[in-house]
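Observations on the three-dimensional arrangement
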Amino acid sequence: MSLHDTIAATVARHGEALKALARRIHANPELGLAEHQAVGWQVELLEAMGFEVTVPFGGLATAYRAQRGQGGPVVAFLAEYDALPGIGHGCGHNLIAPAAIGAGAALAEALAASGTPGTVAVIGTPGEEGKGGKVRLAEAGAFEGLDLALMAHPRVRTTADTGRLAVLRREVRFTGQAAHAANSPEMGRNALDGVLLLMAGVNAWRQHLPEPSRVHGIVTEGGDAPNVVPDHAACRFYLRADNDRTLAEMLARFEQIARGAALMSATEVEVSAGDDRPYSSGRINAALNRQWLADAEAMGLAPDPAARPGRGSSDFGNVSALLPGAHYYFQITDEPLASHSPQFAQAAATDRAQAAMLKTAEALARGAGRFCTDADFREQVRRDFTASA
């Protein structure tokens, strides 16, 4: 059997188990860094597939590394499985983990059957939604020794890696003076006014942001009772840009707006990073993108080669800055649904989504198989990684 034939046969053999895993993760959403059930189910399946699994991994209780094969190159498929607060799997991460596991099993079987050297890893990376699981793993050296890292994410169309925005997060807290809102408002200093003025300042600033920069926030604390002038109020903001320099400039401006809001409201303000792990915009690898478009087309995933640049953020950007890699997308619905929505969460549980997930696993394994067997392709991938710095 050819490499592609073995990959296809392996994905087909494990198809029902992979779909069952996607359904279980979807039905039991767990927030970032607390995905204990999802990890247990993945480890059980990986061990049944012949992988040696290390869990916990990289200092994170819900991270793991599963490995098969020997020698180089060393290829990793990255799994995500965290959910969103209040929405569940509105980003479809229940599909990412089974796709990665299916790809890993298929490539490991194909390399073994053909006697081709190479090590296949599936790395479970928790907490992508704001917790920076991959950033934390990178800090622990979890990606050292890898030659390639691949993953695929559900979306409304199939595309190559379209890039991503760097992101950092800030908590802003205003402190004022409580007072009776009707009897003695003149004695109060309204911390909520500080938040609202910050929101107004950010709204005015948006007109002057360079594309494709983004800034957006929510109020996390706004007082306890309408008849009490709030002495504490807080909000949380995300700042995004397509490069680190612009992001640093945005942060400086944001802090100026916060200080201005404090002056206008006669309050004190603190801007804090907290436990934030900033996400990098990372790198795009042209050779890997070309390979994905070819493999996705071969699998009937109908890729869009002219997709617009990505406007979201992912901690995969930090991985792609360390080693060659790609973060692809696969279509799970024909409807123009927004990600991070209840409607997308419903789409991520459909038979259509699970069928696309299996095709994606096969496409991922095909591209990684070429990387393992074609020295010229490996060299081109490495050259593109260096050139994209």
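Up top you'll find the structure we're talking about.
Below, the structure is looked at part by part.

Analysis parameters
- Residues numbered from 1 in each chain as written.
- Predicted model: local features only at pLDDT ≥ 70, side-chain atom pairs only at ≥ 80, totals over all residues.
- Heavy atoms only, no water.
- Helix = DSSP H or I, 4+ residues; strand = E, 2+ residues; numbered from the N terminus.
- Rg over C-alpha atoms; globule rule 2.2 N^0.38 Å.
- Buried < 20%, exposed > 50% of the residue type's maximum accessible area, 1.4 Å probe, protein only.
- Contact = heavy atoms within 4.5 Å.
- Lys, Arg positive; Asp, Glu negative; His and termini not counted.
- Charge placed at Lys NZ, Arg CZ, Asp CG, Glu CD.
- Pairing = 2+ DSSP bridges.
- Axes fitted to C-alpha atoms, helices over the stretch in contact; angles between N-to-C directions.
- Core = buried A, V, L, I, M, F, W, Y, C linked by side-chain atoms within 4.5 Å.
- Phe/Tyr/Trp six-rings, centres within 6.5 Å; stacked < 30°, edge-to-face > 60°.
- Lys NZ or Arg CZ within 6 Å of the ring centre and 35° of its normal.
- Salt bridge = Lys/Arg side-chain N within 4 Å of Asp/Glu carboxyl O.

Each helix and strand counted, the protein has 11 helices and 10 strands in total. Radius of gyration (C-alpha) of the protein: 23 Å, near the 21 Å computed for a compact globule of 389 residues. With 389 residues in all, the protein has 54% of them scored as buried. Excluding contacts between residues fewer than 6 apart, the proportion of contacts in the protein whose partners are at least 24 apart in sequence is 78%. Charged side chains in the protein number 35 positive and 43 negative. The centres of these two groups are separated by 3 Å.

Attention now moves to the sheet that holds strand β8 (residues 232–241). Read across the sheet, 4 strands follow the order β7-β8-β6-β9 without closing on themselves; strand pairing throughout is antiparallel. The outermost strands of the open sheet, each flanked by one partner alone, are β7 (214–221) and β9 (268–272). Averaged over all adjacent pairs, the angle separating strand axes in this sheet is 20°, with direction ignored. Contacts from helix α5 (residues 191–206) reach β6 (166–175), β7 and β8 within the one sheet, and its direction differs from that of β8 by about 20°. Contacts from helix α6 (residues 244–265) reach β6, β7, β8 and β9 within the one sheet, and its direction differs from that of β6 by about 10°.

Take the nonpolar core next. With 67 residues, the main nonpolar core has Phe51, Tyr64, Phe77, Ile101, Leu107 and Leu150 as its most contacted residues. Examining the composition of this core, we find that 12 residues originate from one element, helix α3 (residues 93–114), more than from any other. Core analysis: the second largest hydrophobic core is formed by 25 residues, Leu239, Ala241, Ile257 and Ala261 among them.

So, about unusual backbone geometry. Of note, the bond from Val55 into Pro56 is cis; its omega dihedral lies within 30 degrees of zero at -5°. Relative to the helices and strands, Pro56 resides in the loop between β1 (52–54) and β2 (64–70). One non-glycine residue, Leu33, lies in positive phi territory at about 70°. Note on placement: Leu33 falls in the loop between α1 (3–27) and α2 (36–48). Residue Leu33 is classed as partly exposed on the basis of its relative accessible area, which comes to 28%.

Here we take up the packing of aromatic side chains. Tallying each qualifying case throughout the model produces 3 aromatic pairs. Considering the side-chain rings of Phe237 and Phe254, the 5.1 Å spacing of their centres and the 55° angle between planes classify their relative orientation as tilted. In this pair, Phe237 is assigned in strand β8 and Phe254 in helix α6, connecting sequence segments 17 residues apart. Plain terms: the ring middles of Trp292 and Tyr328 are 4.4 Å apart, the flat faces sit at 10° to each other, and that makes the pair stacked. Within this pair, whereas Trp292 is found in helix α7 (residues 286–298), its partner Tyr328 is found in strand β10 (residues 325–331), the two being separated by 36 residues in sequence. Under the relative-accessibility criterion, Trp292 is labelled buried at 1%. Just above the ring of Tyr238 sits the side chain of Arg169; from NZ or CZ to the centre is 5.1 Å. Over the aromatic face of Phe385 sits the side chain of Arg283, whose NZ or CZ is 4.0 Å from the ring centroid.

Take the pattern of salt bridges next. The full count for this structure, using the stated rule, is 20 salt bridges. Between Arg68 and Glu109 there is a salt bridge, with its nearest N and O atoms 3.3 Å apart. Here Arg68, found in strand β2, pairs with Glu109, found in helix α3; they are 41 residues apart in sequence, far enough to count as distant. A relative accessible area of 17% places Arg68 in the buried class.

Read from one edge of the open sheet, 6 strands run β1-β2-β4-β3-β5-β10, paired in mixed fashion. The open sheet has two free edges, formed respectively by β1 and β10, since each of these has just one partner strand. The mean angle between the axes of side-by-side strands here comes to 20°, regardless of whether they run parallel or antiparallel. Strand direction decides the pairing type here: β1 and β2, joined by 3 bridges, are antiparallel. Bridging across to β2, Val53 finds its partner in Ala66. Sitting on the sheet, α2 touches β1, β2, β3 (74–79) and β4 (118–124), and the angle it makes with β2 is about 15°. In the packing of helix α10 (residues 351–373) onto the sheet, the strands contacted are β3, β5 (148–155) and β10, and the crossing angle to β10 comes to about 150°.

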